[in-house]
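One-letter residues, chain by chain:
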Amino acid sequence: MGRVTQTTTDAAVLHPASPVDAPWWHDAVIYQIYPRSWADSDGDGVGDLPGITARLPYLRELGVDAIWLSPFYVSPMHDAGYDVADYRNIDPVFGSLGDADTLIATAHDLGIKVIVDLVPNHSSSEHEWFRAALAAAPGSPERGRYMFREGKGEDGSEPPNNWPSVFGGAGWTRVVEADGTPGQWYLHLFDTTQPDYDWTNPEVGDEFVSILSFWCDRGVDGFRVDVANALVKEEGLPDFDGPLQAFDATDHNPEAALPPAHGEEADQPRAPMWDQEGVHEIYRRWRATLEAMPGPERILCAEAWVKPGSRLARYVREDEMHQAFNFDFLDTHWDATQLHDVIEASYRDNDAVGAPTTWVLSNHDVVRHASRLGLDQSLPRPNGIAADQPQPDAELGLRRARAATMLMLGLPGSAYIYQGEELGLPESTDMPDEFRQDPTFARTRGKETGRDGCRVPMPWVRDAPSLGFGPGDGTWLPQPESYGRLAVDQQEGVAGSTLELYRSMLAARRVDRLGLGSASWHELSDDDVVAFVNASPDGSRRTLVLVNLGTEAVELPEGATVTHQSEELTGDGRVPTDVAVWARI
Ligand code: GLC
């Protein structure tokens with residue numbers, strides 16, 4: 001009696017179940033490691049590969065399927081390694097190729113797959129190709145690998161077009177030619193030290209296929225592809241006056257209006273530097289390259305801030321990439337209606353091309369969700385938070401973050417976890433400016449705080465130098481005072497801690513195959529509540545995933561048995577505001 005057995009109608013089915021033997025990446029939980037900030041083995045205050053290898057058992061215990069490592073390649077670190085000088089070697093600050101081999105082998109022994117970062121839109125200005133380009137003459141094959149153009153105006157002193165850099169300032173820099181005269185300009189959508197490749201040059205394409213092979217030969221299981229929507233630019237490089245909307249929703253203007261709601265974006269002019277048709281040919285070639293390789297299946301995951309979702313889904317068509325981060329979900333405010341819309345649209349768009357949805361709430365480019373969700377939800381997401389800016393409500397943010405993660409991990413599909421979110425780490429909001437390294441901060445003259453606040457080294461042990469990050473006292477970015485009580489050793493084995501909550505959700509998700517289940521809206525879903533049923537692929541288990549975003553506590557259906565809760569329920573078993581549950585029904 002009272003059991004909810006038939007609460008859904010066909011119209012409420014959001015997403016059908018996947019086969020039980022679907023490929024691993026359909027439901028994988030992938031943990032992002034930011035190598036500079038996860039674990040330091042040698043005490044220089046910067047994380048490294050041996051540090052990561054030593055801590056891998058922690059991730060096995062956490063219950064993730066794979067790791068994604070942000071760049072560890074040789075780099076002058078003007079953009080924290082997203083400025084690669086040598087794609088086939090490890091920066092000495094992180095270790096050696098031998099250390100990478102050991103890391104990959106150790107992860108595999110522990111049953112953890114390894115995804116590495118591929119940065120194909122630009123190299124570092126210290127890459128040998130760019131050095132050669134600077135040394136060569138205009139029109140030379142060396143310059144032809146990058147986007148060199150003549151300037152405008154009589155003496156060529158104006159940039160070739162009006163494109164800005166995502167990090168602020170102009171998107172072009174003028175070079176000095178060998179004879180000492182001011183010369184051509186080169187395009188850099190990001191920092192001056194990150195020149196964009198010219199992907200119409202076949203040499204560039206061949207080089208990246210060779211880089212893919214190099215890392216596959218070393219045993220990696222896939223690639224996260226940096227700014228996958230940027231590689232091809234519109235022919236003629238026309239001026240553009242619309243909003244850039246890279247990963248910064250505010251576009252260097254914190255007072256900007258909220259980005260358009262779902263479905264409205266289609267009317268926006270398409271920016272000539274993003275999401276051009278030509279990128280898809282590149283990914284078809286890469287997919288074919290990976291599939292032709294012997295050994296296990298390797299995947300490609302697109303980092304592409306592309307709107308609307310139906311455009312993003314084109315990156316994960318059958319013969320292109322396997323996954324694309326669902327940034328619409330990350331960008332959704334704490335609002336039941338918005339969450340309903342984004343979840344529905346995500347399944348509709350991805351199911352149309354047969355791809356899993358790849359949920360994500362935090363990464364190294366955005367304010368951590370434990371802080372983001374504690375900010376005024378009527379304002380756009382800021383690019384970092386400084387001490388003199390509106391501060392998040394830490395308690396509220398963490399409460400919502402735990403509920404948001406319970407929602408994310410209950411949704412069928414794959415999910416990415418950013419290091420430290422399993423501890424409930426907040427954004428660092430009191431970092432002194434002299435530590436800031438994100439080029440955005442300098443390029444906007446501090447107008448934008450930038451991303452350093454989400455990149456702070458992990459706290460492992462409360463009473464240890466650098467909170468157990470490494471044997472030294474110092475860390476490359478200072479750890480906020482609050483990180484001590486959130487350290488791993490403070491949460492391990494503590495019932496109700498964020499770490500134990502993540503562990504138990506990941507264990508249940510694996511057993512119940514939640515990532516492969518079907519999803520149907522539950523009748524409790526309304527303007528205040530997000531509620532759906534995840535039915536396991538064999539139909540034997542039904543999990544109600546419910547998040548209360550309203551002001552009144554919500555009564556669960558009779559007979560529902562709560563297995564996980566993000567916070568205490570009321571005395572009579574109702575779900576309070578900003579709390580999520582998983583319940584067997
Ligand atoms: C991606 C990375 C970001 C980097 C940018 C330029 O968005 O995630 O960290 O700054 O690309 O490579």
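Parameters and conventions
- Numbers given to residues run from 1 along each chain, matching the order in which its sequence is written.
- The model is predicted, so local features are restricted to residues of pLDDT at least 70 and side-chain atom pairs to those at 80 or more, both for listing and for counting; the totals for chains, interfaces and linings are taken over all residues.
- To obtain the side-chain values, all non-hydrogen atoms of the structure were used and water was disregarded.
- Any pair of cysteine sulfurs within 2.5 Å is marked as a disulfide.
- Three exposure classes are used, based on accessible area relative to the maximum for each residue type with a 1.4 Å probe and protein chains only: buried under 20%, partly exposed in between, and exposed over 50%.
- Within this scheme, the nonpolar core is defined by two criteria: the residues are buried Ala, Val, Leu, Ile, Met, Phe, Trp, Tyr or Cys, and they are joined through side-chain atoms within 4.5 Å.
- Helix numbering and strand numbering both begin at the N terminus, where a helix is a DSSP run of H or I of at least 4 residues and a strand a DSSP run of E of at least 2.
- For the domain bounds, the source is a domain assignment made automatically or taken from a database.
- An expected span of 1.5 Å times one less than the residue number is assigned to each helix.
- Polar contacts here mean pairs of N or O atoms no more than 3.5 Å apart (in protein, one a potential hydrogen donor and the other a potential acceptor; neighbouring residues in sequence count only if both atoms are side-chain atoms).
- Near residues are defined by distance, with any heavy atom within 4 Å of the molecule or strand qualifying the residue.
- Under the convention used here, a 1.4 Å probe and the Shrake-Rupley method define accessible areas, while residue burial counts only the protein chains that appear.
- Under this grouping Gly is polar, as are all residues other than the nonpolar Ala, Val, Leu, Ile, Met, Phe, Trp, Tyr, Cys and Pro and the charged Asp, Glu, Lys and Arg.
- Stacked, tilted and edge-to-face pairs are distinguished by plane angle, under 30 degrees for stacked and over 60 for edge-to-face with tilted covering the rest, among Phe, Tyr and Trp rings (Trp via its six-membered ring) whose centres lie within 6.5 Å.
- By the criterion adopted, a ring carries a charge over it if an Arg CZ or a Lys NZ lies within 6 Å of its centre and within 35 degrees of its normal.
- Here a strand pair is declared whenever DSSP counts at least two bridges between the two strands.
- Whether a crossover is right-handed comes down to one check: with the strands pointing away from the viewer, does the path from the first strand over the helix to the second run clockwise; if it does, it is right-handed.
- We call two residues in contact whenever any of their non-hydrogen atoms come within 4.5 Å of each other.
- To get an axis, fit a line to the C-alpha atoms, keeping to the stretch in contact for a helix; angles then go from 0 to 180 degrees between the N-to-C directions.

*Asks:* Talk me through the state of the cysteines; I want residue IDs and the actual numbers.
*Replies:* Covalent bonding between the sulfur atoms of two cysteines is what defines a disulfide. Taken as a whole and judged by the stated rule, the model has zero disulfides. Counting only cysteine sulfurs, Cys-216 is the nearest neighbor of Cys-301, a cysteine outside any disulfide, at a range of 15 Å. In this structure Cys-301 comes out as buried when scored by relative accessible area, which is 0%. In this structure Cys-454 is not part of a disulfide, and its nearest cysteine sulfur, from Cys-301, lies 17 Å away.

*Asks:* So what's going on with the nonpolar core? Residues and values would help.
*Replies:* Looking at soluble globular proteins, one finds that nonpolar side chains tend to be buried together. Of all hydrophobic cores here, the largest spans 140 residues; its most connected members are Tyr-31, Leu-59, Phe-223 and Trp-286. Per element, the largest residue contribution to this core is seven residues, and it comes from helix α4 (residues 202–217). Counting residues in hydrophobic clusters, the runner-up holds 18 residues, among them Val-166, Leu-189, Ala-246 and Ala-271.

*Asks:* Pulling in residues and values, what's your account of the domain arrangement of the protein?
*Replies:* Entries for the protein in the domain assignment read domain 1 (1–17 + 518–585), domain 2 (20–121 + 202–502) and domain 3 (128–187). Here the C-alpha centre of domain 3 lies 57 Å away from the C-alpha centre of domain 1.

*Asks:* Give a description of helix α10 (residues 394–410) that names residues and reports values.
*Replies:* Helical periodicity: at 3.6 residues per turn, an α-helix aligns residues three or four positions apart in one direction. Spanning 17 residues, α10 covers 24 Å between terminal C-alpha atoms, matching the ideal 24 Å at 1.5 Å per step. Among the 17 residues that make up α10, twelve are buried, leaving the element largely enclosed by the rest of the structure. When α10 is considered as a whole, its buried residues turn out to be Gly-397, Arg-400, Ala-401, Arg-402, Ala-403, Ala-404, Thr-405, Met-406, Leu-407, Met-408, Leu-409 and Gly-410. Between the side-chain oxygen at the start of α10 and the backbone nitrogen of Glu-395 there is a gap of 3.2 Å, and the oxygen is on Asp-393.

*Asks:* I'd love a proper account of the site of the ligand, names of residues and values included.
*Replies:* Surrounding the ligand, one finds 15 residues, the nearest of these being Asp-79, Arg-224, Asp-226, Glu-303 and Asp-365. At a separation of 2.9 Å, an oxygen atom of the ligand approaches a polar side-chain atom of Arg-224. Taking Asp-365, its side chain carries an N or O atom lying 2.5 Å from an oxygen atom of the ligand. Across the complex, the protein chains shield 100% of the 300 Å² of accessible surface that the ligand would expose by itself. Partitioned by chemical class, the residues of the shell around the ligand number five nonpolar, three polar and seven charged.

*Asks:* An account of the packing of aromatic side chains is requested, with residue identities and associated values reported.
*Replies:* Summed over the entire model, instances satisfying the criterion amount to 29 aromatic pairs. Here Tyr-73 and Tyr-87 contribute two aromatic rings whose centre-to-centre distance is 6.4 Å and whose plane-to-plane angle is 45 degrees, an arrangement assigned as tilted. Taken together, the positions of Tyr-73 in strand β4 (residues 73–74) and Tyr-87 in strand β5 (residues 86–90) put the pair 14 residues apart, joining distant regions of the chain. The same class applies to Tyr-73 and to Tyr-87, which are both buried. Measuring from centroid to centroid gives 5.3 Å for Phe-167 and Phe-190, while their planes differ by 65 degrees, and the two rings are edge-to-face. Placement of the pair is Phe-167 in the loop between β7 (148–149) and β8 (172–176) and Phe-190 in the loop between β9 (182–187) and α4, with a sequence separation of 23 residues. Judged by its relative accessible area of 3%, Phe-190 is buried. Directly above the ring of Phe-148 sits Arg-143, whose terminal nitrogen or CZ lies 4.7 Å from the centroid. Above the face of the Phe-441 ring, Arg-436 is positioned so that its terminal group lies 5.8 Å from the ring centre.

*Asks:* I'd like a rundown of unusual backbone geometry, residues and numbers included.
*Replies:* Cis rather than trans, the peptide bond between Lys-307 and Pro-308 has omega equal to -10 degrees. By the element assignment, Pro-308 lies in the loop between β11 (299–302) and α6 (309–312). A positive phi angle, near 50 degrees, is found at Leu-467, a position not held by glycine. When you line up the elements, Leu-467 lands in the loop between α11 (439–443) and α12 (488–491). Taking the relative accessible area as the measure of exposure, Leu-467 reaches 13% and is therefore buried.

*Asks:* Quick rundown of the pairing of strand β2 (residues 29–33)? Include the residues and the values.
*Replies:* Remark: a regular strand shows side chains that alternate across the two faces of the sheet. Of all five residues in β2, five are buried, a share of seventy percent or more. Judged from the four bridges that link them, β2 and strand β14 (residues 414–418) form a sheet pairing that is parallel. Looking at the pairing, Gln-32 lines up with Tyr-418 of β14. Taken together, the four bridges between β2 and strand β3 (residues 66–69) define a ladder with parallel strand orientation. What sits directly across from Ile-33, in β3, is Leu-69. As for the winding sense of the linkage, the β-α-β connection from β2 through helix α1 (residues 49–62) to β3 is right-handed.

*Asks:* Describe the side chain of Arg-455, and please don't skip the residues or the numbers.
*Replies:* By the secondary structure assignment, Arg-455 is in the loop between α11 and α12. For Arg-455, the contacting residues outside a window of four places in its chain are Tyr-34, Ser-37, Ala-80, His-364, Asp-365, Tyr-418, Trp-476 and Leu-477.

*Asks:* Hey, could you go over the sheet that holds β8 for me, with residue numbers and the actual values?
*Replies:* Taking strand neighbours across the sheet as the criterion, the three strands line up as β7-β9-β8 in an open arrangement whose pairing is antiparallel. Of all the strands in the sheet, just β7 and β8 have a single pairing partner and so form its edges. By the bridge criterion, two bridges tie β7 to β9 in an arrangement that is antiparallel. For Phe-148, the partnering residue across the bridge sits in β9 and is Tyr-186.

*Asks:* Outline the sheet that holds strand β6 (residues 113–118), listing residues and values.
*Replies:* Spatially, β12-β11-β10-β6-β3-β2-β14-β13 is the arrangement adopted by the eight strands of the open sheet, whose pairing is parallel. Both outer strands of the open sheet, β12 (323–324) and β13 (358–360), are each paired with one neighbouring strand and no more. When β13 meets β14, the two strands line up parallel, connected through three bridges. Among the inter-strand pairings, Trp-359 is bridged to a residue of β14, identified as Ala-415. Across the sheet, helix α2 (residues 97–109) touches β3 and β6, and the angle it forms with β6 is around 140 degrees. Where α10 meets the sheet, its contacts fall on β2, β13 and β14, and the angle it forms with β14 comes to roughly 150 degrees.

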